[in-house]
Amino acid sequence: MIKHVENPVLEVHDLTVSYARKPVLWDIDLTLPQGSLVGIVGPNGAGKSTLIKSILDLVPASSGYSKLFGDDLANVRRRVAYMPQRESVDWDFPASVLDVVLMGRYGKLGLFKRPRKADREVAHECLRKVGMEAFAKRQISQLSGGQQQRVFLARALAQEADLYFMDEPFAGVDAATEKAIIGLLQEMAEQNKTVVVVHHDLQSVVQYFNWVLLLNMRLVASGPTEQVFTNELLQEAYGGKLTLLTEVSELVQKGQFAAREKQGYRG
Amino acid sequence: MEAFVEFFSLRDPNIRYVVLGTILLTASSAVVGTFTFLQKKSLVGDAVAHAVLPGVCLAFLLAESKNPLLLIVGAFVTGWLSLVVIDTITRNSKIKEDTAIGLVLSVFFGVGILLLTNIQHSGNAAQSGLDSFLFGKAAALLPNDVRAFGILAVLLLAVVGLLYKEFKILAFDKNYAAILGLPVRALELTLTTLTVLAVVVGIQAVGVVLMAAMLITPAAAARFWTDRLSIMLILATTFGVISGVTGSFISYTATAMPTGPWVVVIISIIAGISFFFAPRKGIFFRVRRQMNNRRMILDENILKTFFNLGENDHSFKEARSWDQLLVERHFVPRRLRNGLARLRRQGFLERQSAGWVLTQAGFEKGKRTVRLHRLWELYLTQYLRIAPDHVHEDAETIEHVITPELEQKLQEKLGFPEVDPHQSEIPYR
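Here the structure is a predicted model, which means the values were calculated and not measured.

K.L.:
I'm lost on the pattern of salt bridges in this one. Help?
P.N.:
In a structure, side chains of opposite charge can pair up when their charged atoms sit close to one another. Under the definition given, this model contains 29 salt bridges over all chains. The partner of Lys168 of chain B in a salt bridge is Asp99 of chain A, with the nearest N and O atoms 3.6 Å apart. A residue pair is termed interchain when its members come from two chains, as with Lys168 of chain B in helix H8 (residues 164–172) and Asp99 of chain A in helix H3 (residues 97–103). Here Asp227 of chain B and Lys281 of chain B are joined by a salt bridge, their closest N and O atoms 2.8 Å apart. You can see Asp227 of chain B sitting in the loop between helix H11 (211–223) and helix H12 (229–253) and its partner Lys281 of chain B sitting in the loop between helix H13 (259–277) and helix H14 (283–313), a full 54 residues away along the chain. Judged by its relative accessible area of 7%, Asp227 of chain B is buried.

Spelled out as structure tokens, the structure:
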């Protein structure tokens, strides 16, 4: 069940992604409406993070493309924010919480320029939103996991974008913080911003998101939560690995085939 | 002493050149090295340092003179080439980066030594002094060299100053920098170029063999003292400059001494001091904190034992003998003796003919430890559902850790209970 929308804020067209020639995502086709709060749901190894990273050009696509706001990413970077998993960086880095949040402003600042007073104020405001304003001067190595997560969230907020991608923002966060964060995201969606979240906890999906992507190496479903989050589709997404697909992936890797033939070289 | 005054008064213009040169060389490598260090690419710096030697020799063979500009170009080319080779090997084969670095380093350096030996035996008069690239010779810096390398060093510092925030985000979170639209590839290239340049500039002072130490050690030492990047840069530069100037002073006074090894010895001493004595992160402070903790635990355990003995016979004001204490709890006798003496000194115990007795302050402290122990046991059984016969060991540790704020919270959460899971009374104020 894949529901497409008019004037999508994000369009992914026939996207295939491979790691070391091994395809991990097959032929993803989807569109997302503006102002939605989207949950990407699927079992471990389903390619949830990879999908986001590929849309954001951090992982090259073997074939297919993504359009954001109907344009290439390079032309709309200012309108796109990203919150990586917190394990993706070494937190034993000589920087304060405020330093890290200010990084969210670097895109707007451009090369060579130092953060201005306005940038600092935005950063402080974002820290306040995530309840971390008291920690602005704290060294990042002294933060707990949940606090690190909130710092990354504040940094993404500081980008002041229209489309947000978040990779497991609730991992390692206590229940109260999770509630505060989801409140924040819902508020953003009400302001017609689009938030795409990789999510792990099936229990809260219905409560949190109004649009759901079910992923398991391929797109099982995409649509409004109440239409997609059904037993039948969940079965399809979680009902064991698609062994045939995995085997073919491994064959492709072993044989060193390109996942896609180059155009014009059909043989 | 005379040499010291002569050197540091900077009256001799030659010495001025040497000192100025050394400061610029060591400062630029420390600054660039800080970012190399934070990017976790320390080994790459070592590879580059060794790989510039064949470039220097080739440039000399082509020009048949020691024109500093040509030598810089030569060093730069092979330095860069080594990085490209490392990158190509890592990307296109199963060989991991550390292996690739090892391969490239030894091959390039081997070729460099080969060329250098050849040049030395060629009978070319201009070659004398070329071997100072091996271990560095700051004292042999000519005004011409200092000008060339000095300009390069200033340029290097200026670029780092301009791209400070870019290099910072590159070292912390490269993917995020890419998302923001920063030209990550170009920035990485710039930083790599700067690393090669810093090496090229630095080898005059310390030589190719030990150059990596000048890149990495100042940053590693500085990291112990601070958690702020700006201060880390300043400290690394200071450490680098101190070792550079001292090293060139030694090689100035003892003419046969190469500069490089001395510079490295001094920066290593600085690093050693940082490693042991830096506040909070240094070994010395960590050991001292552990010792303090052990002492605190022992003291609280002794007072707790007095309190327990008092509970048993309902008399807290009675003197306790040595044997009584040892029967109640298995102390190490030597530690117990020290602990008793310390507690007496601090006013928690008093000595009487029959033994030791709690003062009021000692009584309160012992009571608090017992209270925390029993509260924690109760917390574990009620909230973590741990069996009552399993909670004692946990509480033995936690009773020393809980702060007054946590104690307050714990009491409120449990509703000021009267007895612990073993029906012992919880003593309040």
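K.L.:
Got a minute to help me understand the packing of aromatic side chains in this structure?
P.N.:
Two aromatic rings, taken as a pair, are described by how far apart their centres are and by the angle between their planes. Residue and element names in this part refer to chain B. In this structure the tally under the stated criterion is 19 aromatic pairs over all chains. Considering the side-chain rings of Phe224 and Phe275, the 5.6 Å spacing of their centres and the 90° angle between planes classify their relative orientation as edge-to-face. On the criterion of sequence distance, the pair formed by Phe224 in the loop between H11 and H12 and Phe275 in helix H13 is long-range, its members being 51 residues apart. Residue classification places Phe224 among the partly exposed residues on the basis of a relative accessible area of 23%. Judged by relative accessible area, which is 36%, Phe275 ranks as partly exposed. Ring centres of Phe416 and Tyr428 lie 6.0 Å apart, and the angle between their planes is 50°; on these two criteria the pair is classed as tilted. Pair noted here: Phe416 is in the segment after helix H19 (404–414) and Tyr428 is in the segment after H19, with a separation of 12 residues, a long-range link. Assessed through its relative accessible area of 43%, Phe416 is described here as partly exposed. Classification of Tyr428 as partly exposed rests on a relative accessible area of 25%. Within the aromatic cluster, the residues linked to one another by ring pairs are Phe224, Phe275, Phe276, Phe277, Phe284 and Phe285.

K.L.:
Just to check I follow, could you spell out helix H1 (residues 48–55) of chain A for this structure?
P.N.:
Because an α-helix completes one turn every 3.6 residues, residues spaced three or four positions apart along the sequence face the same direction. Residue and element names in this part refer to chain A. Here H1 lies mainly inside the structure; 7 of its 8 residues are buried. If you check which residues of H1 are buried, you get Lys48, Ser49, Thr50, Leu51, Ile52, Ser54 and Ile55. Two residues or fewer after H1 comes Asp57, characterised by a positive phi angle close to 70°.

K.L.:
So what exactly am I meant to see when it comes to the nonpolar core here?
P.N.:
A general feature of soluble globular proteins is that nonpolar side chains tend to end up buried together. Within the largest apolar cluster, 184 residues are counted, with the highest numbers of intra-cluster contacts made by Leu51, Leu68, Phe165, Leu185 and Leu214 of chain A. In terms of residues, this core owes the most to one element, helix H10 (residues 184–206) of chain B, which gives 13 residues. In this structure, Leu325, Phe331, Leu343 and Leu358 of chain B belong to the second largest nonpolar core, which totals 17 residues.

K.L.:
Sorry if this is basic, but what is going on with the domain arrangement of chain B here?
P.N.:
In terms of domain boundaries, chain B breaks down into domain 1 (12–211) and domain 2 (282–429). Placing a centre on the C-alpha atoms of domain 1 of chain B and another on those of domain 2 of chain B gives a separation of 61 Å.

Scoring rules and cut-offs
Residues numbered from 1 in each chain as written. Chains lettered and ligands numbered in written order. Predicted model: local features only at pLDDT ≥ 70, side-chain atom pairs only at ≥ 80, totals over all residues. Heavy atoms only, no water. Salt bridge = Lys/Arg side-chain N within 4 Å of Asp/Glu carboxyl O. Helix = DSSP H or I, 4+ residues; strand = E, 2+ residues; numbered from the N terminus. Buried < 20%, exposed > 50% of the residue type's maximum accessible area, 1.4 Å probe, protein only. Phe/Tyr/Trp six-rings, centres within 6.5 Å; stacked < 30°, edge-to-face > 60°. Core = buried A, V, L, I, M, F, W, Y, C linked by side-chain atoms within 4.5 Å. Domains from an automatic or database assignment.

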